Amino acid sequence: MILGITSSTLLDSLLFVFGGLGIFLYGINIMGDSLKDLAGNKLQMIIEKSTNTPLKGILVGAMLTAVLQSSSGTTALTVGLVRSGLMTLPQAIGIIMGANIGTTVTSFIIGLKIQEYSLIFVGIGAILIFFFNRRSIRDLGKVILGFGMLFFGLQLMESGLGYVIETYEEQVTQLFSYFSKIPVLGLLVGSLITAVVQSSSATIGILQTLYNTGKISLLGALPILIGCNIGTTITAVFASIGGNTEAKRTAVVHAMFNIIGALLFMILLRWAYVPLMEVIDSGMSGLLGSHSAMTIAIAHMIFNFTTTAILFWFIKQMVWVANKVVKAKESPTHVLEEELLTELLDYKLIKESPALAITFIGKCINFMGDRVVDYYNLASSYALREDPNSLELADKYEESLDLFDKRIHDYLIFLTLEKLHDDEVMTVSKYLDVIKDFERIGDHCSNIMEFFNERYQRKLELSLDSIQDLEQMFNTVKIMVLNSTKAIKDFDLEAARIVEEVEPKVDTLETVLHERHNHRIEDGTCTYSNSDYYVELLSNLERVGDHCKNVADKVISKTA
């Protein structure tokens, strides 16, 4: 009965069940999104700093899922984390294991007997949302509103299911008895329902409501509970279709973990736990009350903790199987970079977690910085030795940097449309400047390649002094290129200061080498035909140094 309203027909009961399920799912969604907003940059810091081992990954996965209120959502984020280089596949397995532990939080919340106060929470949440302007208070209001909606949805489902059970008691009792006699049937039902509604929390919520009626035994409920963990892997499998190798391997590991755990417990239920079920059932009933929803929550916790404790020791084997099942494909560099950008720059993530989106942008910029270093090294090498293959590679590097610049720029602009914290706004602004500097360094490298290509085609000779001067200039600027990319990658203040120290030397060196070049023209050791391109070459190298200094300045200002 909800506010004096009861379901009196089968149609009413179905409307209560489906409507309640909708409110339940929406409540979880609001609560999860708002908790993410409250976590803010702390969520980003936890992911970046605390995933260097599988054990820490388990803790992070549990915390993430408790915040997101969705193990499927955590798994989807994990795919991006692996692809971005924030964690390895073994660490991702830790996240997945932790996600299964974290999802037990929802079932514990549902087990609390506070449904009667659900509308009070809805009212408090609404007041905080509509009568306060402070963002953190409004986010807290959304968390409380979602919490209340979760329980209100459960009330509606309970009312609808109650009518069905009372009206069709004989048939319902017979159906539930099948789950006790044929556990595989319950496993399939739990898997199917979870796959359809895309939420194990929703399926477990329904199961807890049914268990409260006393019409289904613990032995009948457990296979359904175990099936929920299999059904939730469908989301990751669907998300990996058409994705890259790492995405598919992550989905394989997720499915493998949950299926192995389910099979282990189904074997135990069939051969070892049947005599013990009555003892456990009666023990929990004595402690928590007859057919308490908290019994299902505890059983869910035991299942996930035990599965994690067992399979934690087989992480290497699961990685090996995933690598065998999903073979790595050889792809051209530009195809790999296109996949990388598509994977990392997920526009859905901007809405879900701007802080995490900024983290992924940082990883894209790191890859862009690596490509800058590659291109500069290629230009330096080509300046001293002709290699026809270098021209083709230079075109690919230029195309790659242009691709990074455009895709990251568009993503950053889209990100600015969201409500960001002040430090996030500053980071976005700095990143916009950095990608432009990196792109301009690529343009100067292209100019250098063109200068030396012309030299080789026209067979222009440089004096030994000219070559030595160029080597000195290239090597000095290289220090700036290497340290500027390192500075932005690690926010390394020491590397940034090295760039600032070297930059005046590059300016001075350009002037000195220009004067020495003029002297060589005057004494005839260098021809006039080499003059213009040599001066432009020095100018391009000096401008590369300027752009490196710009990048270093962004790091220094951020860490100041």
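All figures in this text were calculated on a predicted structure; none of them were measured in a lab. (Residues numbered from 1 in each chain as written. Predicted model: local features only at pLDDT ≥ 70, side-chain atom pairs only at ≥ 80, totals over all residues. Heavy atoms only, no water.)

A. A look at the overall build of the protein chain. Of the regular secondary structure elements, the protein chain holds 25 helices and zero strands. Out of the 560 residues in the protein chain, the part that is buried amounts to 52%. Considering only contacts within the protein chain whose residues lie at least 6 apart along the sequence, 81% involve residues at least 24 apart. Split by element, the accessible area of the protein chain, about 25800 Å² in all, is 62% carbon and sulfur. (Helix = DSSP H or I, 4+ residues; strand = E, 2+ residues; numbered from the N terminus. Buried < 20%, exposed > 50% of the residue type's maximum accessible area, 1.4 Å probe, protein only. Contact = heavy atoms within 4.5 Å. Areas by Shrake-Rupley, 256 points an atom, 1.4 Å probe, with all protein chains shown as cover.)

B. Up close: the nonpolar core. Counting residues in each nonpolar core, the largest one holds 69 residues, and the members touching the most others are Ile361, Ile365, Ile408, Phe438 and Phe452. Ranked by size, the runner-up nonpolar core spans 21 residues in total, among them Ile216, Ala221, Ile224 and Leu225. (Core = buried A, V, L, I, M, F, W, Y, C linked by side-chain atoms within 4.5 Å.)

C. Geometry of the packing of helix 20 (residues 354-384) against helix 21 (residues 388-415). Taken N-terminus to C-terminus, the directions of helix 20 and helix 21 make an angle of 160°; their axes are 10 Å apart at the nearest point. Judged by the angle between their axes, helix 20 and helix 21 are roughly antiparallel. Crossing geometry of helix 20 relative to helix 21 is assigned as left-handed. Here the residues of the contact of helix 20 with helix 21 are counted per class, giving 22 nonpolar, two polar and four charged. (Axes fitted to C-alpha atoms, helices over the stretch in contact; angles between N-to-C directions. Parallel < 35°, antiparallel > 145°, perpendicular 65-115°, else oblique. Left-handed = near helix turned anticlockwise from the far one by under 90°. Nonpolar A, V, L, I, M, F, W, Y, C, P; charged D, E, K, R; others polar.)

D. Structural context of the pattern of salt bridges. Within this structure, the stated rule accounts for ten salt bridges. Asp443 is the partner of Arg440 in a salt bridge, and the nearest nitrogen-oxygen pair spans 2.7 Å. In this pair, Arg440 and Asp443 are both assigned in helix 22 (residues 422-458), three residues apart and thus about one turn of the helix distant. The exposure class assigned to Arg440 is partly exposed, which follows from its relative accessible area of 32%. The partner of Lys486 in a salt bridge is Asp492, and the shortest N-O contact between them spans 2.4 Å. You can call Asp492 buried: its relative accessible area is 19%. Three or more residues are tied together by salt bridges with common partners; here these are Glu500, Lys549 and Asp553. (Salt bridge = Lys/Arg side-chain N within 4 Å of Asp/Glu carboxyl O.)

E. Here's a closer look at a positive patch on the surface. Positive charge collects at one region of the surface, where Arg135, Arg138, Lys142 and Lys419 lie side by side. Within the element layout of this structure, Lys419 appears in the loop between helix 21 and helix 22. (Patch = residues over 30% accessible without salt bridge, like charges linked within 9 Å, V, L, I, M, F, W, Y side chains within 5 Å. Lys, Arg positive; Asp, Glu negative; His and termini not counted. Charge placed at Lys NZ, Arg CZ, Asp CG, Glu CD.)

F. Spotlight on the packing of aromatic side chains. A full pass over the atoms with the stated rule returns five aromatic pairs. Between Tyr382 and Tyr456 the ring centres are 5.2 Å apart and the planes differ by 85°, which places this aromatic pair in the edge-to-face class. Separated by 74 residues along the polypeptide, Tyr382 in helix 20 and Tyr456 in helix 22 bring together distant segments of the chain. With respect to burial, Tyr382 and Tyr456 carry one shared label: buried. (Phe/Tyr/Trp six-rings, centres within 6.5 Å; stacked < 30°, edge-to-face > 60°.)

G. A look at a nonpolar patch on the surface. Residues Tyr178, Ile182, Val184, Leu185 and Leu188 make up a contiguous nonpolar surface patch of about 430 Å² in total accessible area. In terms of residue count, the dominant contributor to the nonpolar patch is helix 10 (residues 183-197) (three residues). Inspection of the secondary structure puts Tyr178 in helix 9 (residues 169-181). You can call Tyr178 partly exposed: its relative accessible area is 36%.

H. Unusual backbone geometry, seen in detail. Phi at Phe491 is positive, roughly 50°, even though this residue is not glycine. Looking at the element boundaries, Phe491 is found in the loop between helix 23 (464-490) and helix 24 (493-523). Exposure remark for Phe491: the relative accessible area of 27% places this residue in the partly exposed category.

I. Layout of the packing of helix 20 against helix 22. Packing of helix 20 against helix 22 brings their axes to within 9 Å, and their N-to-C directions diverge by 15°. Between helix 20 and helix 22, the interaxial angle falls into the category roughly parallel. Pair helix 20 / helix 22 crosses with left-handed handedness. Here the contact of helix 20 with helix 22 is composed, by residue class, of 24 nonpolar, six polar and three charged.

J. Representation of the side chain of Thr476 within the structure. With respect to the helices and strands, Thr476 occurs in helix 23. On the accessibility criterion, Thr476 (16% relative accessible area) is buried. A polar side-chain atom of Thr476 sits 2.7 Å from the main-chain carbonyl oxygen of Gln472. Those residues within four positions of Thr476 in sequence are excluded, and the remaining contacts are Val502, Val506 and Leu509. (Polar contact = N/O pair within 3.5 Å; in protein donor to acceptor, adjacent residues only side chain to side chain.)

K. Examining the confidence of the model for the protein chain more closely. Scored by pLDDT, the protein chain comes out at a mean of 78, with 75% of its residues at no less than 70. No element of the protein chain has a lower mean pLDDT than helix 15 (residues 274-288), at 53, and none a higher one than helix 21, at 90. pLDDT under 50 marks residues 1-5. Its contacts with residues more than four places away, or in other chains, come to nine contacts. Under a pLDDT of 50 for its full length, residues 330-335 has, in the predicted model, three contacts with residues more than four places off or in other chains. (pLDDT = per-residue confidence, 0-100.)

L. Focus on the environment of Lys430. Tracing the backbone through its elements, the reader meets Lys430 in helix 22. On a C-alpha basis, the gap between Lys430 and Val551 in space is 8.6 Å, while along the polypeptide they are 121 residues apart.

M. Spatial organisation of helix 24. End to end, helix 24 covers 46 Å across 31 residues, agreeing with the expected 45 Å (1.5 Å per residue, within 8%). Along its length, helix 24 shows its largest kink, about 25°, at Val502, and proline Pro504 lies within four residues downstream of that point. Listed as buried for helix 24 are Ala495, Ala496, Val499, Val502, Glu503, Val506, Leu509, Leu513, His517, Arg520 and Ile521. Its side-chain oxygen placed 3.0 Å from the backbone nitrogen of Glu494, Asp492 serves as the N-cap of helix 24. (Expected span 1.5 Å × (residues − 1). Bend = angle between axes of the 7 residues up to and from the residue.)

N. Structural detail: the environment of Leu401. Structurally, Leu401 is set in helix 21. For the pair formed by Leu401 and Phe438, sequence separation is 37 residues and the distance between their alpha carbons is 7.7 Å. For Leu401, the residues in contact, after removing those within four places along its chain, are Met368, Arg371, Val372, Tyr375, Phe438, Glu439 and Gly442.

O. Quick peek at the environment of Gly20. Examined against the element boundaries, Gly20 turns out to sit in helix 1 (residues 10-39). C-alpha of Gly20 to C-alpha of Gln155: the two residues are 135 residues apart in sequence and 7.3 Å apart in space. Every residue in contact with Gly20, bar those within four places of it in the chain, is listed here: Leu15, Gly153, Leu156 and Met157.

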